[in-house]
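Below are the chains, spelled out letter by letter.
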Amino acid sequence: MKFIPNQTTISEFILLGLSSQTEQQKLLFALFLSMYLVTVVGNGLIILAISLDSNLHTPMYLFLANLSFADMFSISTSVPKMLLNIQTKSQSISYKNCITQMYFSIVFVVIDNFLLGVMAYDRFVAICHPLNYTSIMHPRLCILLTVIPWVLSNIVALTHTLLLTLLLFCDNNILPHFFCDLAALLRLSCSDTMINELVMFVVGLSVITFPFALILFSYICIIRDVLRISSTEGKWKAFSTCSSHLTVVLLFYGTIVGVYFFPSSAHPEDTEKIGAVLFTVVTPMMNPFIYSLRNKDMKGALRKLRDRKIFLQLMPPGI
Ligand SMILES: *[C@@H]1O[C@H](CO)[C@@H](O)[C@H](O)[C@H]1NC(C)=O
C-alpha cells in the first residue's frame, strides 16, 4: 500500500476485546457467536425470501433486502475476528488488517444509516402520494437510491482512512476495543489528531443528520396524512405499514442518543464500546426480527420458503 508512510513504526495492534478475564471471555464467545449466527441466518433468510417471492419485488422490500445485506456485512467486519482472537488466545491484528477492518466497519454503518433514510422516503411516497407511487418510485430511481448510499459511504470511509494513514503510531499499540474503531485508533496515535477529529465530527454529524432529517420530514407528512383518514381501520392500516420501519429507526437513533448524549462520564471508553456493540452487533441482529415478526407479507414469504414450494417453482420445466 502506497498510502502508508514510512514512519509507521508499529506493524500490529493489540485488541484487548471486551474483557480480559477468561471466564467472561468464554461467556462473550458464546454470546457473540450466537448473535453472529442469528444475524447471518436471519438476514440471509430475509434476502432469500424477498428475492424468491416475486410479490415482494417492490421498492420497500428491495430496500429491506439491501438493509439486510448491509447488516450481514456490518456484523461480519468485527465479530468473526473478535471470536477468532478469543479462540486462539491471540489479541493481535496487523496494521493493514486493522485499517481494512476500520474501513469496512465505517462503510456498513453509514450505509445502514442512509438506507433508513431511503426507506423513510419510500414510505412517505407510498402514504402521502399513493397515486403517483409507481411513477415516482420507478426502478431507475430505486437503483439510484441504493447506489448512492454505497458511493457516499465509501467516500466517507476513504476520507477517514486516508487521514488516518497519515498519522504516526509510536510505542503504544494497545487498543482497548474489540475491533479497530476509528475513535479508539485516533486516541492511540502520537500525532496531532485535531484535523481527524474535526473531520470525524463534521462527517459524522452530517451522516447522522441528513438521513434523520429525511426520516423526520417523511414521518411528519405520514402522521399528518394518517390523521386525516377518517376510519380507525384505515388509520391503523396506514400506520402498520410503517411501524416496523419506525421501530428500527427508534432503535437506531435511540442508541445514538443514549450512548452519545448521555454518556456515563466516568468511563467514556466503556460507553464507546457499548455503543459499538449496539451499532455493529445488536441493531443488525434485531432488524430481521422487527421486520419479519411484524409484517404479514414477510411472514408469508418465509413460510413459503419453509414449505419449499418456492424451490419447485425454481426448477426448470421438465424436471
Ligand atoms: C437492492 O435494491 C436494488 C434496487 O432497488 C435491487 O435491484 C437489488 O436487488 C437489491 N439488493 C439486494 C441484495 O436485494
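The structure displayed is predicted, hence computed values, not measured ones. (Residues numbered from 1 in each chain as written. Predicted model: local features only at pLDDT ≥ 70, side-chain atom pairs only at ≥ 80, totals over all residues. Heavy atoms only, no water.)

Caption draft 1: Examining the UniProt feature "transmembrane region" (unreviewed entry) in the chain more closely. Under the feature "transmembrane region" (unreviewed entry), the UniProt entry names residues 27-48, 60-79, 99-121, 141-169, 198-222, 243-262 and 274-293. Between the C-alpha atoms that bound residues 27-48 there is a distance of 31 Å. The span itself is 100% helix and 0% strand. Taken end to end, residues 198-222 is 100% helix and 0% strand, and its two terminal C-alpha atoms sit 36 Å from one another. (UniProt positions renumbered as here; feature names shortened; annotations may be inferred. Helix = DSSP H or I, 4+ residues; strand = E, 2+ residues; numbered from the N terminus.)

Caption draft 2: Summary view of unusual backbone geometry. The phi torsion at K89 lies on the positive side, around 55 degrees, for a residue other than glycine. Secondary-structure assignment places K89 in the loop between α2 (59-88) and β2 (92-94). For K89, a relative accessible area of 71% gives the class exposed. (Buried < 20%, exposed > 50% of the residue type's maximum accessible area, 1.4 Å probe, protein only.)

Caption draft 3: Layout of the sheet that holds β2. Spatially, the three strands line up as an open sheet ordered β2-β1-β3, and their pairing is mixed. Strands with a single pairing partner mark the edges of an open sheet, and in this sheet they are β2 and β3 (174-175). Bridging between strand β1 (residues 12-15) and β2 involves three bridges; their strand directions are antiparallel. Opposite I14, over in β2, you have S92 as the bridge partner. (Pairing = 2+ DSSP bridges.)

Caption draft 4: Layout of the environment of S51. Checked against the element boundaries, S51 lands in helix α1 (residues 22-52). With 14 residues separating them in the primary sequence, S51 and A65 have C-alpha atoms 8.1 Å apart. Only 2.8 Å separates the side chain of S51 from the backbone oxygen of I47, close enough to count as a polar contact. (Polar contact = N/O pair within 3.5 Å; in protein donor to acceptor, adjacent residues only side chain to side chain.)

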